[in-house]
Amino acid sequence: MRRMTLALAVAVFVSLPALADWTPDIEAWNSAPPPQPEVVIVRGATVWTATDEGILENADLLIRDGRIAAIGEAIRAPANALEIDAAGMHVTPGIIDAHSHAAIIGGVNESSNISTADVRIRDVIDAESINIYRQLAGGVTTINLLHGSANAIGGQMAVIKMRWGASPEALVFEAARPGIKFALGENPKQSNWRNDTPRYPQTRQGVEQVIREMFQQAADYRAAHENHPRGRAGRDRVPPRPNHRLAAVAEVIHGERDVHSHAYRADEMLALMRMAEQFDFTIRTFQHVLEGYKIGPQLAAHGAGASVFIDWWAFKQEAIDAIAFNPALMHEAGVLTGLHSDNPELARRMNLEAAKAVRYGGVDPHTALKMITAFPADQLGVGDRTGRLARGLDADFVIWNGHPLSVYSRVEQTWVDGRRYFDRAADQRMRQALAAEHAELLALASAEASDEPDDNAANAAPDDESEAEPAPGQRRRVMSFATHLTGYRASELDHDQYCILHDH
Amino acid sequence: MTNIASSMITRTRSLLIVLVLLLAAPAAAEITALVGATVHPVSSAPIQNGIVLIEDGRIQAIGADIAVPDGALVIDLAGLHLYPGFVHPATQLGLTEISSVPGSVDTTEMGSINAALRAEVAVNHDSALLPVAIAGGVLNAHVMPGGGLIRGTSAVLRLNGWSWEEMIVQSPAAMHLAFPAGAADDKDNDDLALIDETLDKARHWHAAEAAAGLGQAPRPARNDQLQALGPLLAGEVPLMIHVNGISAIEAALDWAQAQQFERIILSANADVQYAAERLAAEDIPVILRGVYNMPTRRWEAYDMAYVAAARLHQAGVRFAIGDSGGGMDVANARNLPFHAGTAAAHGLAKDAALKSVTLWPAQILGVGDRLGSIEPGKQASLFAATGDPLEPMSQIVRVWIDGDEYDLGMERHRRLYERYRLHQQAGSP
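Residues numbered from 1 in each chain as written. Chains lettered and ligands numbered in written order. Predicted model: local features only at pLDDT ≥ 70, side-chain atom pairs only at ≥ 80, totals over all residues.

K.L.:
Mind showing me how you'd approach the overall build of chain A here?
P.N.:
The number of helices and strands found in chain A is 15 helices and 17 strands. Burial statistics for chain A: of 504 residues in total, 50% are counted as buried. When contacts within chain A are restricted to residue pairs at least 6 apart in sequence, those whose partners lie at least 24 apart make up 70%. (Helix = DSSP H or I, 4+ residues; strand = E, 2+ residues; numbered from the N terminus. Buried ≥ 20, exposed ≤ 12 C-beta atoms within 10 Å, placed from the backbone. Contact = placed C-beta atoms within 7 Å.)

Printed below as a string of structure tokens:
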């Protein structure tokens, strides 16, 4: 029966359903990509461009082959265009989360060494993580999957688009600049968890020293490779031993791989910027940046961006001076400032994090929206592809049923590459399909259970009484099902457990 | 920023008015008149250009056409909106400072039976977390103990004061019990057996004590834990049951019914929506914890926790909205109204959302006659905001607690903000 249902589902998806019927599946592997209509026209919305064009009232958005073709009033569209009436609705760029661990298999930290620059998130992307679908339901279209902060150099990041149902390879946003996670402060110095075999370093001084030493080693490594004679001259010389760890750090100091560094305090951020300046490269962003407001001008002068929790504080000693006015102050200082989630649950409501930038420090709403769209896109090097609504950019956008920063608003649709990956109506269809399947499976299970006494009729007599009351028996079974099996996979809970254990 | 700056100017101006009035008519300044704002009493419809009179820390009168007594301190709030302070229904504010520094954390006692603990005695009235909550409009909170199965008693506190003692609004507010998750489908659960045994012993102990009082029996051996359960068993204090997951919630309700408690309050995650009909029928109030939680099960709808409040309301359950109560939520108790706002985005009526963080928690916690709305006779704990306070975009610009204006400039975050803003504007790195 189950196999039949599956076969039926496959048959339905193989025939690439029309957009109106497209229904996602809760399992990514069973969710065919939504079709990409040749032309889409979104009519009559309030369009937040996240560009200098500002907020356009009663505007149309024309999508052609997955890209934005035009934005403006009363745009003409061909007859075959899919028309979406968005009167009274607001349209924004898709949300970009520059700090996420929401879709990583097998733990976010390779904490075995103070530097694991050689490990790559792109090898362990969890394309099946339910977080991807849920974040689409919150308007998120691109996320940056980062290692944790257990070591000074955590590993190489992967930027993905939220193409629910695509393979790990197909999720990767190839246009993104290569990047690497660094970490400073309490986590790399292991302040907040029991450690029976402590390793160096245990202070901020030590973290700085370790990073400086690795930069120097990487410079030497690259020089050794470059100085190795080529062609005939090198024929009889032993080449330098390949070292993936140093090779990755060498990319960093030569500006080929961007540093996104976890940091809380002003002192540690200054120290990393000064080291980078000695090696003549720029720290692309600091992550969390809780005390960034204390050194806004220095961050701006160096050219470092800031990717921020807006109001998390007091969870660690180094978070005691965190203030929610931080993004407002850094933005005023000229720092490229974005807001991130660092948490798969929070990622579902980043619009409200942006709203807090209005509350704390009076950032205007359009700029606040840029802090979760255009600015993080720029930080990841994809600002010319997504994060804004402008001609030529990828059609990554969100339709809201009200002001996008209002607590009372809800995401109606989320589009990635001109495909509607989230739609409230399609989500309702999915719920109904799931409920029907659930009921069917329970019926099968209880049919099986009621068969059992017959198999051993002789010694099943004492149980017959309870089996004679199917209703309460069935209810008990449903309840214990609900208690023990929540259905989550380990990688979907990994991050929460990491947070609980390590206080971020 | 301009809003805050202008509010500071306004505040300075009002301070001048206070000084002038104090010099001119010291006796008459005992009445404060908040005028010009849109008043949102919560218990009734908003009043445009309303007047709120405050005397002796309490609200004396509210309306559009009431007379402002001569000599009253008049505070003009034109363009602003007045709301009663939020009442946080379930938090550990005051019991923890920096969650990763054990020396600053007093949330969770060891052991299973902690009935004799009183949460309020460990509340640090100078905690830096309290002014931050107040700046977010959370002016009163239900502060709970958090360790073991029977956890002790909680108190409703005003969030500013010179000691925990004078911050008490209601103590004890409730006895707390963590219903063991394992008891959901195991009637022989060891933890539940220990709870049953303790309650049984307590009943006998109090019977023996009563008999001793009448001279009919020897006095039982002193036992703080059993003694502390007396008010609960006598029905003088409600039992707040903390339980998550529908099967455990159902089991907890069955258990509480068998124990014949007079008043129980359920503190539960979004799964509580699945028990809505029963809770309504039995009139058991609920503290809904975790609007901002992931769905309990992977296959549940993405908005499962967002819609829980609407489901409870629709079924007629009395409820308040709390946060999940975890470490980060204590420091961010200020975000309480946004949980309610999100519930309103997903089906809960806006006025119900507002009540779920003001009047309803006050009523459920037994302080509905003092807190939760702007009504004559209630404590004058209220704030002025630039707009709807369930909207994160709105700013809270002035606060009064028991009639006294609270200096928002005292809050650590605003002090750091002002300090570094001025430094940044001065242009020297």
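Anyway, onward from the coordinates.
K.L.:
What exactly am I supposed to notice about the sheet that holds strand β13 (residues 239-243) of chain B here?
P.N.:
Whether parallel or antiparallel, the strands of a sheet pair through hydrogen bonds between backbone atoms. All names here are of chain B. Reading across the sheet, the six strands line up as β9-β12-β13-β14-β15-β16 and stay open at both edges, with mixed pairing between neighbours. Since the sheet does not close on itself, it has two edges, and those belong to β9 (150-153) and β16 (319-322), each with one partner. Geometrically, the sheet is characterised by an average inter-axis angle of 20° between neighbouring strands, direction not taken into account. Bridging between strand β12 (residues 175-178) and β13 involves four bridges; their strand directions are parallel. Bridge pairing links leucine 177 to isoleucine 241 in β13. (Pairing = 2+ DSSP bridges. Axes fitted to C-alpha atoms, helices over the stretch in contact; angles between N-to-C directions.)

K.L.:
Just to check I follow, could you spell out the packing of helix α4 (residues 204-227) of chain A against helix α5 (residues 244-253) of chain A for this structure?
P.N.:
Pairs of packed helices are described in terms of their axes, by the angle between the two and the distance that separates them. All names here are of chain A. Closest axis-to-axis distance for the α4/α5 pair is 8 Å, and the angle between their directions is 95°. Compared by their axis directions, α4 and α5 come out roughly perpendicular. Every residue of α5 that contacts α4 at Met214, Phe215, Gln217, Ala218, Ala219, Tyr221 and Arg222 is listed here: Leu246, Ala247, Val249, Ala250 and Ile253. In the contact of α4 with α5, the residues fall into 10 nonpolar, one polar and one charged. (Parallel < 35°, antiparallel > 145°, perpendicular 65-115°, else oblique. Nonpolar A, V, L, I, M, F, W, Y, C, P; charged D, E, K, R; others polar.)

K.L.:
Sorry, what's going on with the sheet that holds strand β10 (residues 179-183) of chain A here?
P.N.:
All names here are of chain A. Taken together, six strands build an open sheet; the order of strands is β8-β10-β11-β12-β13-β14 and the sheet is mixed. Taken across any chain shown, the strands that pair with only one partner, and hence form the sheet edges, are β8 (153-156) and β14 (337-339). Between one strand axis and the next, the sheet turns through 20° on average, direction left out of account. When β8 meets β10, the two strands line up antiparallel, connected through three bridges. For glycine 155, the partnering residue across the bridge sits in β10 and is lysine 181.

K.L.:
Got a minute to help me understand the interface of chain A and chain B in this structure?
P.N.:
Many descriptions give the size of an interface as the accessible area lost when the pieces come together. Chain A puts 51 residues into the contact, and the matching count from chain B is 48 residues. When contributions to the side of chain A that touches chain B are tallied by element, the ones reaching two or more residues are α2 (130-136), α7 (296-302), α8 (326-332), α9 (350-359), α12 (424-455) and α14 (470-484) of chain A. Sorting elements by how many residues they give to the side of chain A that touches chain B places α9(A) first, with five residues.

K.L.:
How should I be thinking about the packing of α4(A) against helix α6 (residues 266-278) of chain A in this particular structure?
P.N.:
Residues and elements named next belong to chain A. Running from amino to carboxyl end, α4 crosses α6 at an angle of 15°, the nearest separation of the two axes being 11 Å. Taken as axis vectors, α4 and α6 run roughly parallel relative to one another. Here α4 and α6 pass one another in a crossing that is right-handed. Residues Arg204, Glu208, Ile211, Arg212 and Phe215 of α4 form the contact with α6, whose own contacting residues are Asp267, Glu268, Ala271, Leu272 and Met275. When its residues are assigned to classes, the contact of α4 with α6 shows five nonpolar, no polar and five charged. (Left-handed = near helix turned anticlockwise from the far one by under 90°.)

K.L.:
Honestly, the environment of Ala490(A) in this entry has me stumped. Any pointers?
P.N.:
For Ala490(A), the location among the structural elements is in helix α15 (residues 490-502). Each C-alpha atom of the pair Ala490(A) and Gly106(A) lies 8.0 Å from the other, and the pair is 384 residues apart in sequence.

K.L.:
What should I look at first to understand unusual backbone geometry in this one?
P.N.:
Only a minority of non-glycine residues have a phi that is not negative, and only a minority of peptide bonds are not trans. The peptide bond linking Tyr200(A) to Pro201(A) adopts the cis configuration, its omega dihedral lying at 0°. With respect to the element layout, Pro201(A) can be found in the loop between β10 and α4. A cis amide bond, omega -5°, links Ser171(B) with the succeeding residue Pro172(B). Looking at the element boundaries, Pro172(B) is found in the loop between β11 (168-170) and β12. Residues other than glycine seldom take positive phi values, yet Asp65(A) does so here, at roughly 50°.

K.L.:
When you look at the confidence of the model for chain B in this model, what are you seeing that I'm missing?
P.N.:
Interpreting fine coordinate detail is not advised for predicted regions of low pLDDT. Residue and element names in this part refer to chain B. Confidence along chain B averages 93 in pLDDT terms, with 92% of residues attaining 70 or more. For residues 1-12, every residue scores under 50 in pLDDT, and the model assigns this stretch 10 contacts once sequence neighbours within four places are set aside. Scored below 50 in pLDDT, residues 15-28 shows eight contacts in the model against residues more than four places distant or in partner chains. Across the whole predicted complex the pTM is 0.91, and at the interface the ipTM reaches 0.92. (pLDDT = per-residue confidence, 0-100.)

K.L.:
Hey, could you run me through helix α14 (residues 412-426) of chain B in this one?
P.N.:
Because each turn of an α-helix spans 3.6 residues, side chains separated by three or four positions in sequence point in the same direction. End to end, α14(B) covers 21 Å across 15 residues, agreeing with the expected 21 Å (1.5 Å per residue, within 8%). Taken together, the buried residues of α14(B) touch α8 of chain A together with α2 (129-135) of chain B. Directly beyond the C-terminal end of α14(B), a positive phi value near 85° is found at Gly427(B). (Expected span 1.5 Å × (residues − 1).)

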